Amino acid sequence: MGEVTHANVDPVAHDSLAAAPPAAALLEAIDRDGMVRQAWRLSHWPVTIGRGLDNDVVLTDSHVAAHHAVLDLVPGDGAGVAARITVRAGETRNGLAVGRERIVGGEAKSFDDAGRDLDLHIGRTTLRLRLPGHALAPEQLLAPMVAVDRRWLPTLGLALAVIVVVLFNTYLDNDPDGLGRAMGGAVLTAVSGGAIWCGFWALLSKLFARQSNFAWHVRVFVIASLVMLAISGLPPLIAFSLSWPGLTDFSF
């Protein structure tokens, strides 16, 4: 009881463990926005890619052949010889691309591992191969909600400036009797028009770029509104300063 025993370690087995392949690699499917859509953990080499269910990585892209590509890794020796990644295209009419290097069907090319992730374009699918030794990008700071809200402050200030200018122009153009109603209508028109304009462009951005960017469209709207209001105020000022009443006929 209580006796500690030491297991015998086979030197051959120990050497095989020491010479074991590195940790598993990762193959990621990247969407148009650079976000990871799906990931496969690669625990052995070579790795087959295609639409066939017998592949290690199965893609549903109709532009991918049944057995489209094979990836293989030759580890480096740790003494200055880098690992090499071999990419072989199978029986495919579309071939594939590694970065900007094109590989046609039946052809194979090898690439030295430069310590950076390898991009593969198969059909209409973009894959990114990550090996254990690749450097990771630094962690991005998760901005707190307060910081996110503060980014709206400049846009909110510009929007208030637009409202002030609109109210001032309404004050100049209307009699005191109907001033309140005119100001309310001007503000309602400006706010509703801006919401419709920004919502329309945000919808188009969502359809074609997969990101609505509503805040960016609001910023563009208020800046453009200030510019247009400033331009529309130039003809009366120039007409008054130069005594050219004909300039007041121009408006934007």
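All values reported here derive from a predicted model rather than from experimental measurement. (Residues numbered from 1 in each chain as written. Predicted model: local features only at pLDDT ≥ 70, side-chain atom pairs only at ≥ 80, totals over all residues. Heavy atoms only, no water.)

**Structural notes on the overall build of the chain**
Step number 1: Helix and strand counts for the chain come out as five helices and 11 strands.
Step number 2: Residue pairs in contact within the chain that sit at least 24 positions apart in sequence constitute 38% of those at least 6 positions apart. (Helix = DSSP H or I, 4+ residues; strand = E, 2+ residues; numbered from the N terminus. Contact = heavy atoms within 4.5 Å.)

**Quick notes on the sheet that holds strand S5 (residues 69-74)**
Step number 1: Read from one edge of the open sheet, five strands run S4-S3-S5-S6-S9, paired in mixed fashion. The open sheet has two edge strands with one neighbour each: strand S4 (57-58) and strand S9 (108-112).
Step number 2: Note that strand S3 (residues 47-50) and S4 share two bridges and pair parallel. Looking across to S4, one finds that Ile49 is bridged to Val57. (Pairing = 2+ DSSP bridges.)

**A short note on the packing of aromatic side chains**
Step number 1: In the structure shown here, the tally under the stated rule is three aromatic pairs.
Step number 2: Between the aromatic rings of Trp197 and Phe221, the centroid separation amounts to 5.8 Å while the plane-to-plane angle is 40°, which identifies the pairing as tilted. Of the two residues, Trp197 is situated in helix H4 (residues 179-209) and Phe221 in helix H5 (residues 214-242); the sequence distance between them amounts to 24 residues.
Step number 3: Assessed through its relative accessible area of 35%, Trp197 is described here as partly exposed.
Step number 4: Seen in terms of ring centroids, Phe200 and Trp201 are 5.8 Å apart; in terms of plane orientation they differ by 80°. Their pairing is edge-to-face. (Phe/Tyr/Trp six-rings, centres within 6.5 Å; stacked < 30°, edge-to-face > 60°. Buried < 20%, exposed > 50% of the residue type's maximum accessible area, 1.4 Å probe, protein only.)

**Quick look at the sheet that holds strand S10 (residues 118-122)**
Step number 1: Pairing in this open sheet of six strands is antiparallel, and the strands run S2-S1-S11-S10-S7-S8 from one edge to the other. Looking at the sheet topology across the chains shown, the edges are occupied by strand S2 (36-42) and strand S8 (101-103). Recorded for the sheet is a direction-independent mean angle of 25° between the axes of neighbouring strands.
Step number 2: As judged from the five bridges shared by S10 and strand S11 (residues 125-130), these two strands associate in the antiparallel manner. The residue bridging Ile122 from the neighbouring strand is Thr125, located in S11. (Axes fitted to C-alpha atoms, helices over the stretch in contact; angles between N-to-C directions.)

**Here's the deal with the pairing of strand S6 (residues 84-89)**
Step number 1: Burial along S6 is one-sided: Ile85, Val87 and Ala89 are buried, while Arg84, Thr86 and Arg88, pointing the other way, are not.
Step number 2: Two elements, S5 and S6, share six bridges in a ladder whose sense is antiparallel. Bridged to Val74 within S6 is Arg84.
Step number 3: In this sheet, S9 lies alongside S6 in antiparallel orientation, the contact comprising five bridges. Bridging from a neighbouring strand, Arg84 pairs with Asp112 of S9.

**Thoughts on a nonpolar patch on the surface**
Step number 1: Taken together, Trp197, Phe200, Trp201, Trp216 and Val220 make up a surface patch of nonpolar side chains, about 510 Å² in accessible area.
Step number 2: Those elements that provide at least two residues to the nonpolar patch are H4 and H5. (Patch = residues over 30% accessible without salt bridge, like charges linked within 9 Å, V, L, I, M, F, W, Y side chains within 5 Å. Areas by Shrake-Rupley, 256 points an atom, 1.4 Å probe, with all protein chains shown as cover. Salt bridge = Lys/Arg side-chain N within 4 Å of Asp/Glu carboxyl O.)

**Quick word on the confidence of the model for the chain**
Step number 1: Residues of the chain with pLDDT of at least 70 account for 84%, and the chain-wide mean is 81.
Step number 2: Here residues 1-21 scores under 50 on pLDDT; set against residues more than four positions off or in separate chains, the count is one contact. (pLDDT = per-residue confidence, 0-100.)

**Points about H5**
Step number 1: Between its first and last C-alpha, H5 extends 43 Å over 29 residues, near the 42 Å set by a 1.5 Å rise per residue.
Step number 2: The principal kink in H5, of about 25°, is found at Leu234, preceding the proline Pro235 by one to four residues.
Step number 3: Along H5, the positions that sit buried rather than exposed are His217, Val218, Val222, Ser225, Pro235 and Ala239.
Step number 4: In this structure, the buried residues of H5 make contact with helix H3 (152-173) and H4. (Expected span 1.5 Å × (residues − 1). Bend = angle between axes of the 7 residues up to and from the residue.)

**Examining the nonpolar core**
Step number 1: Grouped together as the largest cluster of nonpolar side chains are 27 residues, with contacts concentrated most on Leu27, Ile49, Val87, Leu127 and Leu129.
Step number 2: When residues of this core are traced back to their parent elements, those giving at least two are strand S1 (25-30), S2, S3, S5, S6, strand S7 (96-98), S10 and S11.
Step number 3: Sequence-distant contacts of Ile49, defined by excluding residues within four places in its chain, comprise Leu27, Asn55, Val57, Leu59, His67, His68, Ala69, Leu71, Ile122 and Leu127. (Core = buried A, V, L, I, M, F, W, Y, C linked by side-chain atoms within 4.5 Å.)

**Brief notes about H3**
Step number 1: Between its first and last C-alpha atoms H3 spans 32 Å; for 22 residues at 1.5 Å apiece the expected length is 32 Å, and the two agree.
Step number 2: By the burial criterion, the buried members of H3 are Thr155, Val162, Val166 and Thr170. Considered in projection along H3, the buried side chains sweep an arc of 70° and stay on one side of the axis. When the buried face of H3 is taken as reference, the exposed residues oriented beyond 90 degrees from it are Leu153, Pro154, Leu160, Val164 and Leu172.
Step number 3: Its buried side turned inward, H3 meets H4 and H5. (Arc of directions from axis to C-beta.)

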